[in-house]
Amino acid sequence: MQTKSVKPRIVILSGIQLSGNPRVVKEADALAEAGYEVEVVCAAPQRELQERDRQLREGKGWKQILLLDAGSSKWNDRAFSLFARVRFRFWGEVFARIGISNPRQAGLVVPEMLRHCIRHPADLYIVHNPDSLWVGTELLRRGRAIGVDIEDWYSEDLLPADRRTYPADDLRRWEGIVLRGASYATTTSRSLSCALASAYHCALPAVVYNSFSWDDRDGIDGRIRDRVDLDIPSLFWFSQVIGSGRGLETLMDALHHTRTEFEIHLRGTSRPEYREFLLGRAPVQWRKRIHFHDQVSQGELLSRTAEHDIGLAAEIPFCRSRALTVTNKLPLYILAGLAVLASDTDGQKEIAALSPDAVNTFRAADARSLAEAIDRLTSDRAKIRSAKEHALALAKRSLSWEQSRPVLLDQVAHALAGRPHTLREVKNGAR
């Protein structure tokens, strides 16, 4: 009699909002399509984003587990949401005032993730984000197999002003434990991979760029919704948040030195006072050409990006993480077919080296250098067209999810092959 095969079970530990973690969504999609039983453990603290979360998981072959649901109508869910926020702030203040650290400083549902993993064993747990690093160390201590994805160098991240309540030393210790103990590790650039291997004396993490599927281009709607004047070039920048430390101040300063006309479009959530600050930093005559746009769903973002001409990735290397990683800006601009202006961080120079005709670099946080790079592009529409063509060629050749996906699947397959199938035992409690 034939025995029924059991799909390997993989639990992806995120701990944050699904719509704020496209890398996790792509990973879950790829693993489910490859035939694994996949569960994504996350939280939904922002109820206004839950419709986007729903769209991302709709019709997918994986299961979402919400450990915190701010949009729930149940009183106990609402009470826990409030409790988790208070707990997170409390431990952050304890650390800031007297230096006592606690894993709960790393995220809203840290102990809950560990309890879930203990009660629902899997063949492999994949650790994402600072929220789940400590969970990864505890799973290793219990003999569980883990993989880890280092999207940013978490212990080397954040602006100095934001580190007051941030347990960087603990994160550094947890990073070392999971990177040395994981069955595999992935990260976002060769630069970051080499730095992590050197710092933690671990194997080089495999590089999985923050890329997007070439097939996503089939969904570009071809509409013009952002632009105002189609007779001049359009420069585009996006992030979840329009705020300081992202190179936008450099862009405003560069406008005092540019000689050409173009539009500026900034997309993301922003505070009115910061928008006024940016506009006040720009020359008066430029302010009518600077446009702010709200976030859109991941499905629409590529369309809204593709209607522009130039994508700006003005990352400032204020910390080692920002200097080494490659965010999702560059791959999305390139997939959208935009000419790219990128600051010369190690991670972004790595992408520029793949196609210097598509990605033009400038000195990070240097307004004059950015102004010169902008003028070189915007003064010659033929140069913009050529850069856009090279961008699409780069996306198709080496910077789309079709190239990154096999790297991830290969790492997971080898990790599972090296471990016996997990016994479905249940242990109670979390430390």
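Criteria and cut-off values
Residues numbered from 1 in each chain as written. Predicted model: local features only at pLDDT ≥ 70, side-chain atom pairs only at ≥ 80, totals over all residues. Heavy atoms only, no water. Helix = DSSP H or I, 4+ residues; strand = E, 2+ residues; numbered from the N terminus. Rg over C-alpha atoms; globule rule 2.2 N^0.38 Å. Buried < 20%, exposed > 50% of the residue type's maximum accessible area, 1.4 Å probe, protein only. Contact = heavy atoms within 4.5 Å. Areas by Shrake-Rupley, 256 points an atom, 1.4 Å probe, with all protein chains shown as cover. Lys, Arg positive; Asp, Glu negative; His and termini not counted. Charge placed at Lys NZ, Arg CZ, Asp CG, Glu CD. Pairing = 2+ DSSP bridges. Axes fitted to C-alpha atoms, helices over the stretch in contact; angles between N-to-C directions. Phe/Tyr/Trp six-rings, centres within 6.5 Å; stacked < 30°, edge-to-face > 60°. Lys NZ or Arg CZ within 6 Å of the ring centre and 35° of its normal. Polar contact = N/O pair within 3.5 Å; in protein donor to acceptor, adjacent residues only side chain to side chain. Salt bridge = Lys/Arg side-chain N within 4 Å of Asp/Glu carboxyl O. Core = buried A, V, L, I, M, F, W, Y, C linked by side-chain atoms within 4.5 Å.

Focus on the overall build of the protein chain
Scanning the protein chain for helices and strands turns up 16 helices and 13 strands. Computed over its C-alpha atoms, the radius of gyration of the protein chain comes to 22 Å, within 12% of the 22 Å expected for a compact globule of 431 residues. Referenced to the eigenvectors of the C-alpha coordinate spread, the extents of the protein chain come out at roughly 70 × 55 × 45 Å. The buried share of the protein chain, reckoned over its 431 residues, is 56%. Partitioning the intrachain contacts of the protein chain with sequence separation of at least 6 by distance along the chain shows that 74% fall at a separation of at least 24. Here the protein chain has roughly 18,800 Å² of accessible surface; of this, 50% comes from carbon and sulfur atoms. For the protein chain, the distance from the average position of its 61 positive side-chain charges to the average position of its 55 negative side-chain charges is 4 Å.

Notes on the sheet that holds strand β1 (residues 9-13)
The strands making up a sheet associate through backbone hydrogen bonding, with each pair oriented either parallel or antiparallel. The 7 strands lie next to each other as β3-β2-β1-β4-β5-β6-β7, forming an open sheet whose pairing is parallel. Strands with a single pairing partner mark the edges of an open sheet, and in this sheet they are β3 (63-69) and β7 (206-207). As paired strands, β1 and strand β4 (residues 124-128) are joined by 4 bridges and run parallel to one another. Looking at β4, one finds that Ile12 is bridged to Ile126.

Comments concerning the sheet that holds strand β10 (residues 290-293)
Pairing is parallel across the open sheet formed by 6 strands, whose spatial order is β10-β9-β8-β11-β12-β13. Unpaired on one side and paired on the other, β10 and β13 (359-362) mark the two borders of the sheet. The sheet shows a mean angle of 25° between the axes of neighbouring strands, direction not considered. Summarising the sheet, strand β8 (residues 234-241) and strand β9 (residues 263-269) pair through 6 bridges and their orientation is parallel. Bridging across to β9, Leu235 finds its partner in Ile264.

A few points about helix α4 (residues 110-119)
Counting buried positions over the 10 residues of α4 gives 8, a clear majority of the element. By the burial criterion, the buried members of α4 are Val110, Pro111, Glu112, Met113, Leu114, His116, Cys117 and Ile118.

As for the packing of aromatic side chains
Counted according to the given criterion, the structure contains 8 aromatic pairs. Taken together, a centroid distance of 4.6 Å and an interplanar angle of 55° make the contact between Phe262 and Trp286 tilted. Within this pair, whereas Phe262 is found in the loop between α8 (248-254) and β9, its partner Trp286 is found in the loop between α9 (272-281) and β10, the two being separated by 24 residues in sequence. In this pair, the class of Phe262 matches that of Trp286, namely buried. The ring of Trp214 carries the charged tip of Arg217 above its face, separated from the ring centre by 5.6 Å. Across the ring face of Trp286, the terminal group of Arg289 is positioned such that the distance to the ring centre comes to 4.2 Å.

Considerations on the environment of Asp229
Take Asp229: it is sitting in the loop between β7 and β8. Within polar-contact distance, the side chain of Asp229 engages the backbone nitrogen of Asp231 at 2.9 Å.

A closer look at unusual backbone geometry
The phi dihedral of His201 falls on the positive side, at around 50°, and the residue is not glycine. Here His201 shows up in the loop between α7 (190-200) and β7. A positive phi angle is found at Ala365, which is not glycine, with a value near 60°. If you trace the backbone, Ala365 turns up in the loop between β13 and α14 (367-378).

Digging into the pattern of salt bridges
This structure, assessed with the given rule, holds 31 salt bridges. For Arg9, the salt bridge goes to Glu37, with nearest N and O atoms at 3.4 Å. A residue pair is termed long-range when its members are at least 10 positions apart, and Arg9 in strand β1 and Glu37 in strand β2 (residues 37-44) qualify at 28 residues. The class for Glu37 is partly exposed, based on a relative accessible area of 36%. Two residues, Arg304 and Asp221, come together in a salt bridge whose shortest N-O distance is 3.0 Å. Separated by 83 residues along the polypeptide, Arg304 in helix α10 (residues 298-306) and Asp221 in the loop between β7 and β8 bring together distant segments of the chain. Overall, Arg304 belongs to the buried group, its relative accessible area being 1%.

Section: the nonpolar core
Formed by 57 residues in total, the largest nonpolar core has its most connected members in Leu251, Ile264, Leu312, Ile334 and Leu341. Once residues lying within four places of it in the same chain are set aside, the contact partners of Leu251 are Leu235, Ile264, Leu266, Leu312, Leu370 and Ile374. Cys117, Trp153, Tyr154 and Tyr200 belong to the second largest nonpolar core, which has 41 residues in total.

The values reported here are purely geometric and, on their own, carry no functional implication.
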